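The residues making up each chain are set out below.
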Amino acid sequence: QVQLVESGGGLVQAGGSLRLSCAASGRTFSNYVLGWFRQAPGKEREFVAVISRSGGNAYYEDSMKGRFTISRDNAKNTVYLQMNSLKPEDTAVYYCAASTGRGISILHNDYNYWGRGTQVTVSS
C-alpha cells in the first residue's frame, strides 16, 4: 500500500504559476504509475496528467498541454505538477493517484491509491 499527500495548492491570479507536490510513503515508489486529477465544484473528477514508472513517458489532457508539466523523482518518492499560465477554469481540488496497472491510464478507475487533494484557486 502507498500513502499519498499533496501540497502546494493555493490562491493565484490568472496567468500565474503553482507547483504541486505529492509525497508518497509505503511500498516502492517506482512501482507505480502516477497521475494527477482534478475536481471542480459540481463537476466530475477529470484527468490532468500521468507519468510512467520511469518518468520517461507522460501524457496530458488536451487543455493542459503546453501549460502543465508532470515529473517525478523516484529517489525522493515525489511526483510534481508544474502549472503555468493558470486560468480561472483551472480552479479545482487537485489529487494525485497511484496505479499498479501495466501502463499509463487516464481513467480514474484504474488508480488504486489517492491522496486527499489540494485546493487550487485561480482568480480572474
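Above: the structure in question.
Summarised in this report is the structure supplied together with it. (Residues numbered from 1 in each chain as written. Predicted model: local features only at pLDDT ≥ 70, side-chain atom pairs only at ≥ 80, totals over all residues. Heavy atoms only, no water.)

Time to look at the pairing of strand 4 (residues 33–39). Counting buried positions over the seven residues of strand 4 gives six, a clear majority of the element. Bridging between strand 4 and strand 9 (residues 92–99) involves seven bridges; their strand directions are antiparallel. Among the inter-strand pairings, tryptophan 36 is bridged to a residue of strand 9, identified as cysteine 96. Judged from the five bridges that link them, strand 4 and strand 5 (residues 46–51) form a sheet pairing that is antiparallel. Note that in strand 5 the partner of phenylalanine 37 across the bridge is phenylalanine 47. (Buried < 20%, exposed > 50% of the residue type's maximum accessible area, 1.4 Å probe, protein only. Helix = DSSP H or I, 4+ residues; strand = E, 2+ residues; numbered from the N terminus. Pairing = 2+ DSSP bridges.)

Applying the stated criterion to the full structure yields one disulfide. Note on cysteine connectivity: cysteine 22 is disulfide-linked to cysteine 96, with sulfurs 1.9 Å apart. Taken together, the residues span a long stretch of sequence, with cysteine 22 in strand 3 (residues 18–26) and cysteine 96 in strand 9 at a distance of 74 residues. Residue cysteine 22 is classed as buried on the basis of its relative accessible area, which comes to 1%. Judged by its relative accessible area of 1%, cysteine 96 falls in the buried class. (Disulfide = S-S within 2.5 Å.)

Under the criterion given, the structure shown has four salt bridges. Where arginine 38 meets glutamate 46, a salt bridge forms, and the shortest distance between an N and an O atom there is 2.5 Å. The exposure class of arginine 38 is buried, given its relative accessible area of 6%. A relative accessible area of 31% means that glutamate 46 is categorised as partly exposed. Two residues, aspartate 90 and arginine 38, come together in a salt bridge whose shortest N-O distance is 2.8 Å. One end of the pair, aspartate 90, is in the loop between strand 8 (78–83) and strand 9; the other, arginine 38, is in strand 4, with 52 residues separating them in the sequence. Among the charged side chains, a salt-bridge network with shared partners connects Arg38, Glu46, Arg67 and Asp90. (Salt bridge = Lys/Arg side-chain N within 4 Å of Asp/Glu carboxyl O.)

What follows covers the nonpolar core. Within the largest apolar cluster, 29 residues are counted, with the highest numbers of intra-cluster contacts made by Trp36, Leu81, Met83 and Tyr94. Taken together, the elements giving at least two residues each to this core come down to strand 1 (2–7), strand 3, strand 4, strand 5, strand 7 (68–73), strand 8, strand 9 and strand 11 (118–123). Grouped together as the second largest cluster of nonpolar side chains are six residues, Phe37, Val50, Ala97 and Tyr111 included. (Core = buried A, V, L, I, M, F, W, Y, C linked by side-chain atoms within 4.5 Å.)

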